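# Tertiary structure, described
Chain by chain, the residues run as shown.
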Amino acid sequence: MTGIANLIMVNIDSPDPAALAEFYRRVLGWEITHSEAEYAMISDGTASVGFGRVGDYQAPAWPNPGGTKQFHFDLRVEDLDKAEELCLSAGATKPEFQPGGDRWRVLIDPAGHPFCICLPR
């Protein structure tokens, strides 16, 4: 099936765009293509993720049965333990609630956004 559009960019609210771009650069291995106080961007040459400063930024909660996550990334990895270790060393945290069993894990980026590291299906 052919879509009518291609994803070229996702934008994410952040209290510190440059720091969040650096975190995802380390996690994804993408290049930082723009970095200023108000906005930063990373890219793999095909798609980009932008991070925009929001002065009154409120991080989503995890888990949050009364609200939403706002967004999250599912990132495919080959080794959950190794990927978790590398993400934690880059600045992620690991919440206690982990519903994924041995297939995926929830981590929290430095701005408070949940993201998942997942084994291939």
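In this report, we go over the structure that sits alongside the text. (Residues numbered from 1 in each chain as written. Predicted model: local features only at pLDDT ≥ 70, side-chain atom pairs only at ≥ 80, totals over all residues. Heavy atoms only, no water.)

## Points about unusual backbone geometry
To keep it simple, the criterion reads: A run of H or I in DSSP becomes a helix once it reaches four residues, and a run of E becomes a strand once it reaches two; helices and strands are each numbered from the N terminus.
In the segment running from Trp 62 into Pro 63, the intervening peptide bond is cis, with an omega of -15°. Residue position: Pro 63 is located in the loop between strand 4 (48-53) and strand 5 (74-76).

## Considering the sheet that holds strand 5
Quick reminder of the rule: DSSP bridges decide pairing: two strands pair if at least two such bridges lie between them. Note on geometry: axes are C-alpha line fits, over the in-contact stretch for helices, and angles between N-to-C directions span 0 to 180 degrees.
A sheet is described by the order of its strands in space; here three strands give the open sequence 5-7-6, paired in mixed fashion. Strands at the two margins of the open sheet, each flanked by one partner only, are strand 5 and strand 6 (104-108). Each strand axis lies, on average, 30° off the axis of its neighbour in the sheet, ignoring direction. Inspection of the sheet shows strand 5 paired to strand 7 (residues 114-118) by three bridges, in the parallel sense.

## A few points about the nonpolar core
The tendency in soluble globular proteins is for nonpolar side chains to be buried side by side. The line we're drawing: Definition of nonpolar core: a set of buried residues of the types Ala, Val, Leu, Ile, Met, Phe, Trp, Tyr and Cys, connected through side-chain atoms within 4.5 Å. Exposure categories follow from relative accessible area, calculated using a 1.4 Å probe and restricted to protein chains: below 20% of the type maximum is buried, above 50% is exposed, and the middle band is partly exposed. We call two residues in contact when some of their heavy atoms are within 4.5 Å.
The biggest cluster of nonpolar side chains holds 23 residues, and the ones touching the most others in it are Phe 23, Tyr 24, Phe 51, Phe 73, Phe 115 and Ile 117. For this core, the elements supplying multiple residues, two or more each, are helix 1 (17-28), strand 3 (39-43), strand 4, helix 2 (80-90) and strand 7. Residues within four places of Phe 23 in sequence aside, it is in contact with Cys 87, Ala 90, Gly 91, Ala 92, Asp 109, Pro 110 and Phe 115.

## Remarks on the sheet that holds strand 1 (residues 9-14)
The strand order across the open sheet built from four strands is 1-4-3-2, with neighbouring strands paired in mixed fashion. Every other strand in the sheet has two partners, leaving strand 1 and strand 2 (31-35) as the edge strands with one partner each. When the angles between neighbouring strand axes are averaged without regard to direction, this sheet yields 20°. Sheet topology places strand 3 next to strand 4; five bridges connect them, and they run antiparallel. When the bridges of strand 4 are listed, Tyr 39 appears paired with Gly 52. Against the sheet, helix 1 makes contact with strand 1, strand 2, strand 3 and strand 4, and its axis sits at roughly 10° relative to strand 3, the strand it touches most.

## Some thoughts on the packing of aromatic side chains
This is how it is decided: Two rings from Phe, Tyr or Trp (for Trp, the six-membered ring) form a pair when their centres are within 6.5 Å of each other. A pair whose planes differ by under 30 degrees is stacked, one over 60 is edge-to-face, and the rest are tilted.
Applying the stated criterion across every chain yields a total of six aromatic pairs. Measuring from centroid to centroid gives 5.3 Å for Tyr 24 and Phe 73, while their planes differ by 65°, and the two rings are edge-to-face. Here Tyr 24, found in helix 1, pairs with Phe 73, found in the loop between strand 4 and strand 5; they are 49 residues apart in sequence, far enough to count as distant. Overall, Tyr 24 belongs to the buried group, its relative accessible area being 1%. Using a relative accessible area of 14% as the deciding quantity, one classes Phe 73 as buried. Where Trp 62 meets Phe 97, the ring centres are 5.7 Å apart and the plane angle is 40°; that geometry is what we call tilted. With Trp 62 in the loop between strand 4 and strand 5 and Phe 97 in the loop between helix 2 and strand 6, the pair connects residues that are 35 residues apart, well separated along the chain. Residue Trp 62 is classed as partly exposed on the basis of its relative accessible area, which comes to 23%. Three or more aromatic residues link up through ring pairs in this structure, and these residues are Phe 23, Tyr 24, Phe 51, Phe 73 and Phe 115.

Remember that the coordinates give geometry; whether it matters functionally is a separate question.
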